[in-house]
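So the chains spell out like this:
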Amino acid sequence: MSATAPVPLSPRFRRILLKLSGEALMGTGDYGIDTAVLRRIGGDIRDALALGTEVAVVIGGGNIFRGAGLARAGMDRVTGDHMGMLATVMNSLAMQDTLEGLGVHARVMSALRINEVCEDYIRRRAVRHLEKGRVVLFAAGTGNPFFTTDTAAALRATEIGADLLLKATKVDGVYDADPVKVPGAVRYNRLTYDRALDDRLGVMDATAMVMCRDNALPLRVFNLHNEGDLLRILNGEDVGTLVANA
């Protein structure tokens, strides 16, 4: 943790869920997992724990398999989604190994039963792990096809009573247009869920946003690649875009 980062006497957020895309783990590669990226993210999570915040994580599987993409290529959608769920298990196991190498206790809990490699997802057990200071990695999405890992993140965050859902992306918030394609795109500092849904801003999929809205769960979107942004958010700084009810 940076020596200059202000450390509050008590955590501003008691419990958070961090949503990472599978693509984020690729680094500069075209496929797979960049271990240097894993270590950097793992270090941020370790520092978040040092603030006294309980941390849960959901990681996508797009760096290995994406069910919707496989379906477009002609594969049965349910089969493709099951392959995507298994990819999230692989990513979660990689993150667990990285965290443990950094001295952080971590547990992978899967919505699909794979007892030989990880625990089954049981809400009460997940909460107990968090209370004991362990990072919990929720794998295999919701366990059902046709649901994204965005929806899984919103669902798990709601189930465990998270104070904040964090979505780490490649850009520093939500814009009114794609900032990569539109140089003059304007970034929002704050949005309501209704505005994000009505304007189809692509913050998360609609199912996930409706779940967050209906359960009054705030969402903050920030740039994964800006080192230290996670800690700045946890220390109360206005980083990225906050999406919440009015």
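In this report, the structure presented in the accompanying data block is examined. (Residues numbered from 1 in each chain as written. Predicted model: local features only at pLDDT ≥ 70, side-chain atom pairs only at ≥ 80, totals over all residues. Heavy atoms only, no water.)

**Details of the side chain of Arg-220**
Here is step 1 of the chain: Mapped onto the elements, Arg-220 comes out in strand 10 (residues 219-223).
Here is step 2 of the chain: Since its relative accessible area comes to 10%, Arg-220 is described here as buried.
Here is step 3 of the chain: Each residue touching Arg-220, except ones within four places of it in the same chain, is listed here: Leu-164, Leu-165, Leu-166, Lys-167, Ile-233, Glu-237, Asp-238, Val-239, Gly-240, Thr-241 and Leu-242. (Helix = DSSP H or I, 4+ residues; strand = E, 2+ residues; numbered from the N terminus. Buried < 20%, exposed > 50% of the residue type's maximum accessible area, 1.4 Å probe, protein only. Contact = heavy atoms within 4.5 Å.)

**Considering the nonpolar core**
Here is step 1 of the chain: One finds Leu-20, Val-135 and Leu-137 to be the most contacted residues of the largest nonpolar core, which totals 39 residues.
Here is step 2 of the chain: Elements that contribute at least two residues to this core include exactly strand 1 (15-20), helix 1 (35-50), strand 2 (54-59), helix 3 (77-101), strand 3 (106-110), strand 5 (135-139), strand 6 (164-169) and helix 8 (229-234).
Here is step 3 of the chain: Among the elements that line this core, the one with the most residues is helix 1, at 6 residues.
Here is step 4 of the chain: For Val-135, the residues in contact, after removing those within four places along its chain, are Ile-45, Leu-49, Val-55, Val-57, Leu-99, Val-104, His-105, Ala-106 and Arg-107.
Here is step 5 of the chain: Listed in part, the 31 residues of the second largest apolar core include Ala-56, Phe-138, Ala-162 and Tyr-188. (Core = buried A, V, L, I, M, F, W, Y, C linked by side-chain atoms within 4.5 Å.)

**Remarks on unusual backbone geometry**
Here is step 1 of the chain: One non-glycine residue, Phe-146, lies in positive phi territory at about 75°.
Here is step 2 of the chain: Within the secondary structure, Phe-146 is located in the loop between strand 5 and helix 5 (149-159).
Here is step 3 of the chain: Here Arg-200, not a glycine, exhibits a phi torsion of approximately 50°, which is positive.
Here is step 4 of the chain: Tracing the sequence through the fold places Arg-200 in the loop between helix 6 (193-198) and helix 7 (206-214).
Here is step 5 of the chain: What makes Arg-200 exposed here is its relative accessible area of 77%.

**Some words on the environment of Asn-215**
Here is step 1 of the chain: With respect to the helices and strands, the residue Asn-215 is situated in the loop between helix 7 and strand 10.
Here is step 2 of the chain: Taking the relative accessible area as the measure of exposure, Asn-215 reaches 42% and is therefore partly exposed.
Here is step 3 of the chain: When the C-alpha positions of Asn-215 and Ala-154 are compared, they lie 9.6 Å apart, and in sequence the two are 61 residues distant.
Here is step 4 of the chain: Polar side-chain contacts of Asn-215 include one of 2.8 Å to the backbone oxygen of Met-211. (Polar contact = N/O pair within 3.5 Å; in protein donor to acceptor, adjacent residues only side chain to side chain.)

**Quick notes on the packing of aromatic side chains**
Here is step 1 of the chain: This structure, assessed with the given rule, holds 1 aromatic pair.
Here is step 2 of the chain: Consider the rings of Tyr-121 and Phe-138, whose centres lie 5.4 Å apart with planes at 85°: the pair is edge-to-face. With Tyr-121 in the loop between strand 4 (119-120) and helix 4 (123-131) and Phe-138 in strand 5, the pair connects residues that are 17 residues apart, well separated along the chain. Across this residue pair, the class does not change: Tyr-121 and Phe-138 are buried.
Here is step 3 of the chain: Positioned above the aromatic ring of Tyr-121, the side-chain terminus of Arg-156 is 3.8 Å from the ring centre. (Phe/Tyr/Trp six-rings, centres within 6.5 Å; stacked < 30°, edge-to-face > 60°. Lys NZ or Arg CZ within 6 Å of the ring centre and 35° of its normal.)

**Side note on the pattern of salt bridges**
Here is step 1 of the chain: Under the defined criterion, the tally for this structure stands at 15 salt bridges.
Here is step 2 of the chain: Between Lys-167 and Asp-150 there is a salt bridge; the shortest N-O distance is 3.2 Å. You can see Lys-167 sitting in strand 6 and its partner Asp-150 sitting in helix 5, a full 17 residues away along the chain.
Here is step 3 of the chain: The class of Lys-167 is buried, set by a relative accessible area of 13%.
Here is step 4 of the chain: Take Asp-150: its relative accessible area is 11%, and that puts it in the buried class.
Here is step 5 of the chain: The partner of Asp-229 in a salt bridge is Arg-232, with the nearest N and O atoms 2.7 Å apart. Pair noted here: Asp-229 and Arg-232 are both in helix 8, with a separation of 3 residues, about one helical turn.
Here is step 6 of the chain: Classification of Arg-232 by relative accessible area gives partly exposed; the value is 32%.
Here is step 7 of the chain: Each of Lys-19, Asp-150 and Lys-167 takes part in salt bridges that share partners, so that together they form one network. (Salt bridge = Lys/Arg side-chain N within 4 Å of Asp/Glu carboxyl O.)

**Topic: the packing of helix 1 against helix 3**
Here is step 1 of the chain: Contact geometry for helix 1 and helix 3: axes closest at 9 Å, N-to-C directions at 65°. Crossing of helix 1 against helix 3: the hand is right-handed. Only Ala-94, Met-95, Thr-98 and Leu-99 of helix 3 make contact with helix 1, whose side of the interface consists of Leu-38, Arg-39, Ile-41, Gly-42 and Ile-45.
Here is step 2 of the chain: Considered class by class, the residues forming the contact of helix 1 with helix 3 number 6 nonpolar, 2 polar and 1 charged. (Axes fitted to C-alpha atoms, helices over the stretch in contact; angles between N-to-C directions. Left-handed = near helix turned anticlockwise from the far one by under 90°. Nonpolar A, V, L, I, M, F, W, Y, C, P; charged D, E, K, R; others polar.)

The values are spatial; any link to function lies outside them.
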